[in-house]
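# Secondary and tertiary structure notes
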Amino acid sequence: MYLKGIVFVIQSQSHSFHAKRAEELRKSILKQAADLTQELPRVLLLHELSEQEGAWTILPLLPHFSVTFSRNSSWIFFCEEETRIQVPELLETLRRYNPSKEWFLGKALHDEESTIIHHYAFSENPTVFKYPDFAAGWALSIPLVKKLTKRLKSESLRSDFTIDLKHEIALYIWDKGDGPPLTPVPELCTDSVDVHCATTFHSFLPLCGNPVKKEDIFVAVKTCKKFHSERIPIVKQTWAGQASLIEYYSDHAESSIPTVDLGIPNTDRGHCGKTFAILERFLNHSHDKIAWLVIVDDDTLISISRLQHLLSCYESSEPVFLGERYGYGLGTGGYSYITGGGGMVFNREAIRRLLTSKCRCYSNDAPDDMVLGMCFSGLGVPVTHSPLFHQARPVDYPEDYLSHQVPISFHKHWNIDPVKVYVTWLAPSEEDKSWPETQKGFKEEL
């Protein structure tokens, strides 16, 4: 099998920082291919393939791949912008699999316990179902792409929520047993311990220049009277000390915290009215110099120091709406949004565009994160995804998956000790101080 039989698809994003990282990976793949003196493979950037909002969910693009590549290619190989690929080793690895059969290859993850983010699938035995860690790269053989395309044409995609794409794609391909399960491939790796690895993953916090100053980040905590005594003390005991500018927004002013009453009655769900009031207050009443706004729940656990690193990679001139990306109705149009519990990060330009538009909540208790997604989608401001923000608790994710992350947030206190979770996963450590050293290779190594 030759390299030109592999179509590489980098799961890239349109924000300039991400597009640039993906472009560097594309160059690395093409340079390795040229060194092998083979015909160059196609290397595609996902965000350039389609204007469609749901392109990142990949399944809607399979018919295009089937039509365009099924004649001359054997494999579609997907990877993330920070996946590192040893092209000769990858070629060797794929040669073991007969490309005329239906293959779904990857590094296998499984749930240790059934989890809300997978709708409690396989609750009798959560470990049985394997799904790929996108960071290690994953592959579909062309016969499987053709089969999936046929199915996509005969039955339209379910049009509800996209929450954990890697799990949802594996479920779709497996098709309750009518399709192939994931075949684990030991050469697809996320750490570089094994000499036989064809892929590895660069797991660090991006740093572009100096970390953003904490005086440039305004933190808004959404709370309500019934949680003042239960949740706010945990915020103060854990991460609030890292924030230079923090306000607690509630339906009740309590001077001992202190909380700010925005004049919006508390709602059991949604909080759209409250969130838009926070956005307006930030834009119109806070010092013009503050570049960033982070909105979190009162049961979000977050590392402000790590956020300072991450935000150094984003310009203030380009609108940024950042966090963990979910999708709604993406099979039929729909929109992407940043899920609120993990923290929603905005720069001033994104908020300015939003509030200049006429897009607002249709009710005070509309889901704020979804309304924001809908508004930004209409404005053509893309959602920027970072897997370092988490809508759920550490126990809701596979250990292998978290092991190649430097997480920025987790969410929910349910059945866990939040202080312990903070100390274990998010508290500043000696390691954090040495990050700049570990990042020197960030630019050179591609």
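Residues numbered from 1 in each chain as written. Predicted model: local features only at pLDDT ≥ 70, side-chain atom pairs only at ≥ 80, totals over all residues. Heavy atoms only, no water.

A separate point is the state of the cysteines. Scanning all chains against the criterion turns up four disulfides. Disulfide pairing is shown between cysteine 208 and cysteine 313; the S-S distance is 2.1 Å. Judged by the sign of its S-S torsion, about 90°, the cystine formed by cysteine 208 and cysteine 313 is right-handed. Of this pair, cysteine 208 sits in the loop between strand S11 (199-201) and strand S12 (217-222) while cysteine 313 sits in the loop between helix H9 (304-311) and strand S17 (321-323), and the two are 105 residues apart along the sequence. In this model cysteine 359 forms its disulfide with cysteine 375; the gap between the sulfur atoms is 2.1 Å. The sign of the S-S torsion, about -80°, decides the handedness of the disulfide formed by cysteine 359 and cysteine 375: left-handed. With a gap of 16 residues between them, cysteine 359 in the loop between helix H10 (348-356) and helix H11 (368-379) and cysteine 375 in helix H11 connect regions that are remote in the sequence. (Disulfide = S-S within 2.5 Å. Helix = DSSP H or I, 4+ residues; strand = E, 2+ residues; numbered from the N terminus.)

Per-residue pLDDT for the protein chain averages 92, and the proportion of residues at 70 or more is 95%. Under a pLDDT of 50 for its full length, residues 434-446 has, in the predicted model, 25 contacts with residues more than four places off or in other chains. (pLDDT = per-residue confidence, 0-100. Contact = heavy atoms within 4.5 Å.)

Moving on: the side chain of serine 357. If you trace the backbone, serine 357 turns up in the loop between H10 and H11. Accessibility expressed as a relative area gives 14% for serine 357, which makes it buried. A polar atom in the side chain of serine 357 sits 2.6 Å from the backbone oxygen of leucine 354. (Buried < 20%, exposed > 50% of the residue type's maximum accessible area, 1.4 Å probe, protein only. Polar contact = N/O pair within 3.5 Å; in protein donor to acceptor, adjacent residues only side chain to side chain.)

This part covers the sheet that holds strand S19 (residues 335-338). Taken in spatial order, the three strands line up as S9-S18-S19 in an open sheet, and their pairing is antiparallel. Sheet topology places strand S9 (161-162) and S19 at the edges, where each strand pairs with a single neighbour. Where S9 and strand S18 (residues 325-328) come together, two bridges link them in antiparallel fashion. Bridge pairing in S18 links phenylalanine 161 to tyrosine 328. Each of S9, S18 and S19 is contacted by H11, which is oriented at about 130° to S19, the strand it contacts most. (Pairing = 2+ DSSP bridges. Axes fitted to C-alpha atoms, helices over the stretch in contact; angles between N-to-C directions.)

Turning to the packing of aromatic side chains, a few remarks are in order. The geometry of two aromatic rings is summed up by the distance between their centres and the angle between their planes. On inspection of all chains with the given rule, the structure shows 22 aromatic pairs. Here tyrosine 97 and tryptophan 103 contribute two aromatic rings whose centre-to-centre distance is 5.0 Å and whose plane-to-plane angle is 75°, an arrangement assigned as edge-to-face. Between tyrosine 397 and tyrosine 401 the ring centres are 6.4 Å apart and the planes differ by 25°, which places this aromatic pair in the stacked class. In this pair, the class of tyrosine 397 matches that of tyrosine 401, namely buried. Aromatic rings pair up to connect Phe65, Phe69, Phe78, Phe104, Phe134 and Trp138 into one cluster. Looking at lysine 166, its charged tip hangs above the ring of tyrosine 401, at a distance of 4.2 Å from the centre. Positioned above the aromatic ring of phenylalanine 227 is the side chain of arginine 231, whose terminal nitrogen or guanidinium carbon lies 3.5 Å from the ring centre. (Phe/Tyr/Trp six-rings, centres within 6.5 Å; stacked < 30°, edge-to-face > 60°. Lys NZ or Arg CZ within 6 Å of the ring centre and 35° of its normal.)

Glancing now at a nonpolar patch on the surface. On the surface, Ile116, Tyr120 and Trp414 cluster together into a nonpolar patch covering about 340 Å² of accessible area. Position of tryptophan 414 relative to the elements: it lies in the loop between strand S22 (409-411) and helix H13 (418-425). Given the relative accessible area of 52%, tryptophan 414 is considered exposed. (Patch = residues over 30% accessible without salt bridge, like charges linked within 9 Å, V, L, I, M, F, W, Y side chains within 5 Å. Areas by Shrake-Rupley, 256 points an atom, 1.4 Å probe, with all protein chains shown as cover. Salt bridge = Lys/Arg side-chain N within 4 Å of Asp/Glu carboxyl O.)

What follows concerns the packing of helix H3 (residues 62-69) against helix H5 (residues 142-154). Their axes nearest at 8 Å, the elements H3 and H5 cross at an angle of 130°. When the axes of H3 and H5 are compared, the pair comes out oblique. Viewed along their axes, H3 and H5 form a crossing whose handedness is left-handed. For the pair H3 and H5, the contacting residues are Leu62, Pro63, Phe65, Ser66 and Phe69 in the first and Ile142, Val145, Lys146, Leu148, Thr149 and Leu152 in the second. Grouping the amino acids of the contact of H3 with H5 by side-chain chemistry returns eight nonpolar, two polar and one charged. (Parallel < 35°, antiparallel > 145°, perpendicular 65-115°, else oblique. Left-handed = near helix turned anticlockwise from the far one by under 90°. Nonpolar A, V, L, I, M, F, W, Y, C, P; charged D, E, K, R; others polar.)

Side chains that differ in charge, positive against negative, can pair when their charged atoms come close. Throughout the structure, instances matching the rule amount to 23 salt bridges. Ionic pairing is found between aspartate 368 and lysine 222, a salt bridge with its closest N-O pair at 2.5 Å. One end of the pair, aspartate 368, is in helix H11; the other, lysine 222, is in strand S12, with 146 residues separating them in the sequence. With relative accessibility at 7%, the residue lysine 222 sits in the buried group. A salt bridge links arginine 269 to aspartate 365; the shortest N-O distance between them is 3.3 Å. One end of the pair, arginine 269, is in the loop between strand S14 (259-261) and helix H8 (272-285); the other, aspartate 365, is in the loop between H10 and H11, and 96 residues separate them in sequence. For aspartate 365, a relative accessible area of 25% gives the class partly exposed. Residues participating in the shared-partner salt-bridge network are Arg21, Glu24, Glu82 and Arg84.

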